[in-house]
Amino acid sequence: MSSLSALSGINRRKFLLGGAAAMAAVAGLGAIPARAEQSNAKIVITGAGAAGISIANRLAKALPNANITIIDRRETHYYWPGLTLVATGAWAKSKVLDRNASFMPSRVNWIKEMADVYEPDNKRVITDTGRVVEYDFLVVASGVEYNYDAIEGMDVNAIGQNGLASVYNSPDAAAKTWDAIRKYSVDGGNGIFTLPSTPIRCAGAPLKMTLLTLDRLQQNGGADKAQMSFYSALNGVFGLPWYNDFLLNRFAEHDMDVKFRHELSAVDIGARKATFTQEDGNQFTTEYDLLHVVPPMRAPRSVRESNLAWTEGNMAAGGWLAVDRDTLQHLTYPEVFGCGDVNGTPRGKTAATVKMSVPIVVQNLISVIAGEEPEATFDGYTSCPLLTRFGAAMLIEFDYDGNLTPTYSFIDPKKESWFAWIMKDQMLKPTYLQMLKGNV
Amino acid sequence: MEGLSLGFYMMVGYAQTHWLVIALFILGAILLNAASVMKFGGLVKQSALKPTLMVGLAIAVVLFLAIPTLSGSSFAFMAYWLDWALLIFMAVGYAIALLLWVHPIVRLVKGV
Ligand SMILES: Cc1cc2nc3c(=O)[nH]c(=O)nc-3n(C[C@H](O)[C@H](O)[C@H](O)COP(=O)(O)OP(=O)(O)OC[C@H]3O[C@@H](n4cnc5c(N)ncnc54)[C@H](O)[C@@H]3O)c2cc1C
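Residues numbered from 1 in each chain as written. Chains lettered and ligands numbered in written order. Predicted model: local features only at pLDDT ≥ 70, side-chain atom pairs only at ≥ 80, totals over all residues. Heavy atoms only, no water.

A.B. asks: What exactly am I supposed to notice about the overall build of chain A here?
C.D. replies: Across its full length, chain A holds eleven helices and 22 strands. The C-alpha radius of gyration computed for chain A amounts to 23 Å, which stays within 12% of the reference 22 Å derived for 440 residues, consistent with globular compactness. Dimensions along the principal axes, computed over C-alpha positions, put chain A at roughly 80 × 45 × 35 Å. Expressed as a percentage of contacts within chain A between residues at least 6 apart in sequence, the contacts between residues at least 24 apart total 66%. Of the accessible surface of chain A, which amounts to about 17100 Å², a share of 47% is contributed by carbon and sulfur atoms. Here chain A holds 42 positive side-chain charges and 46 negative ones, and the gap between their average locations is 8 Å. (Helix = DSSP H or I, 4+ residues; strand = E, 2+ residues; numbered from the N terminus. Rg over C-alpha atoms; globule rule 2.2 N^0.38 Å. Contact = heavy atoms within 4.5 Å. Areas by Shrake-Rupley, 256 points an atom, 1.4 Å probe, with all protein chains shown as cover. Lys, Arg positive; Asp, Glu negative; His and termini not counted. Charge placed at Lys NZ, Arg CZ, Asp CG, Glu CD.)

Dropping the structure here:
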């Protein structure tokens, strides 16, 4: 009782603000300007994935009076980086599923609907039930949209049957992909792995799928009966030259057929035939026993069709969010920020990018709330543990310019190691969960 | 500094993920030590130290040999000094932790 009255004796607001400053320090943020700390700004976050939840947690700690709303209907949290391990039989599907409610800060208002229309000129978002949500500040964190429809004849419900595989669509699809890969790894045949021309999330995932399938073929006896191919719609298979060469050498060691500037344009699932369109527009069709489809990706429709999307440049086609690549602030609407895969910035689109960019977005948003210029800058950190086989991996970390930026200088990013495998298999998910809570 | 903080939270996250195993391990250690203290008094007995360390060493050797396979890998892929450092760290670390079980068990078996 006495401590309660003591508490009411001191200025409660000051007490809360002091607590907020401490929490902000814990969250890795610098000093919070008083104007931001006291602000009761309406902050709306669209998307409760890796970026959205992580930002909500950090903002809830840093801004005790802010009115924070998060919009997303999805209640199950997908640990997307684990899907490659599900799709190759190393993890059970249950290991990548969690509940968003377990990570949602209690003082955040969670609207379980989808953002349908962005009206940045009116500072409001309209949801798919027609609810109007007004904001002072907006963080767009709604990830990517898989455009399987761009591949004629593709049906995500058929994943797992007739040799059709695709790790990307969902944890279910990843588990069914393992059904297809397991069969292929025993029976062998013609296996085709694809890479589209659009930006994709985790550019290493299609490569991991290929390398781990090669390993499964060795383990399950199908290697002698298998011919594997990798058809990339780009000029290479990975954006960093050294790794591109490493991968092409690895593919060559397995007598893989590699083709560039070949985009998967159609699939006949029943007949197991895939059609590729070449750069000159010519098409050719080939039969397969296993086809691993990587869908073209773009920003979710609500972003793509809004004033928030790029209208020119190489990010316009996918309707990606038009943010400044350094501050992650929107280029036209200063009260809008973007975080995660939705951003129209070079490279990125990994959970590791989210981990490094969330503190930048939060710091800059707080500056803007305080009426200051956003000064924290993001270097484009992207990371991808490239699983080269079961039991070995490479930890690749790089920035916008493709410079290698290893977190731990004693880890050689060009060496395959068991250490990196342990990181991926054991340590990265716990770290990811800490990121969701706003701790890393 | 950033690397240190990341490493710290990585370990916190790992501990949280495996909280049940850790809780059962601690509970087991408390029960076993309580049983040996109640029966023979004193938390550590000099006469049980040598066999405890021998068993601990044996556990470390077994773990050293088994961890690569248990983690879905193999000795063939351990080509980097860091791999060996991690393997030794894990084998020795788990073995040291297991001493909390081994010592009271040795005492109960030897009756000291
Ligand atoms: C197969 C695969 C393997 C990967 N491997 C790795 C890896 O090894 N390492 C790594 O770092 N990264 C990896 N990633 C990438 C990583 O998972 C993503 O970069 C990360 O999840 C991006 O976070 P996000 O918040 O932007 O998107 P998400 O986590 O997808 O969250 C987006 C959220 O927005 C919601 N949403 C969508 N539209 C709307 C709307 N209109 N209104 C409201 N909400 C909406 C969605 O429901 C979702 O909850 C991988 C991804 C895949 C698919």
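A.B. asks: Which parts of the structure should I look at to understand the sheet that holds strand β14 (residues 257-259) of chain A?
C.D. replies: Adjacent strands of a sheet form backbone hydrogen bonds with each other and so pair up, either parallel or antiparallel. Residues and elements named next belong to chain A. Pairing in this open sheet of five strands is parallel, and the strands run β11-β18-β12-β13-β14 from one edge to the other. Each edge of the sheet is formed by a strand with only one pairing partner; in this case those strands are β11 (164-165) and β14. Note that strand β12 (residues 189-195) and strand β13 (residues 226-232) share seven bridges and pair parallel. The residue of β13 that forms the bridge with threonine 194 is tyrosine 231. (Pairing = 2+ DSSP bridges.)

A.B. asks: For this particular structure, what's the right way to read the packing of aromatic side chains?
C.D. replies: Here the structure, examined in full by the defined rule, presents 23 aromatic pairs over all chains. Seen from their ring centres, A:Tyr79 and A:Trp91 are 6.2 Å apart, and the 20 degrees between their planes marks the pair as stacked. Here A:Tyr79 is found in the loop between β3 (76-78) and α5 (83-87), whereas its partner A:Trp91 is found in the loop between α5 and β4 (97-99), with twelve residues between them in sequence. Each member of the pair, A:Tyr79 together with A:Trp91, is buried. For the pair B:Phe8 and B:Tyr9, a centre-to-centre distance of 5.1 Å together with 75 degrees between the ring planes defines the contact as edge-to-face. Cluster of aromatic residues (ring-pair linked, three or more members): A:Tyr78, A:Trp80, A:Tyr146, A:Tyr148 and A:Tyr168. Above the face of the A:Trp91 ring, A:Lys95 is positioned so that its terminal group lies 4.2 Å from the ring centre. The side chain of A:Arg325 reaches across the aromatic face of A:Tyr400, ending 4.2 Å from its centre. (Phe/Tyr/Trp six-rings, centres within 6.5 Å; stacked < 30°, edge-to-face > 60°. Buried < 20%, exposed > 50% of the residue type's maximum accessible area, 1.4 Å probe, protein only. Lys NZ or Arg CZ within 6 Å of the ring centre and 35° of its normal.)

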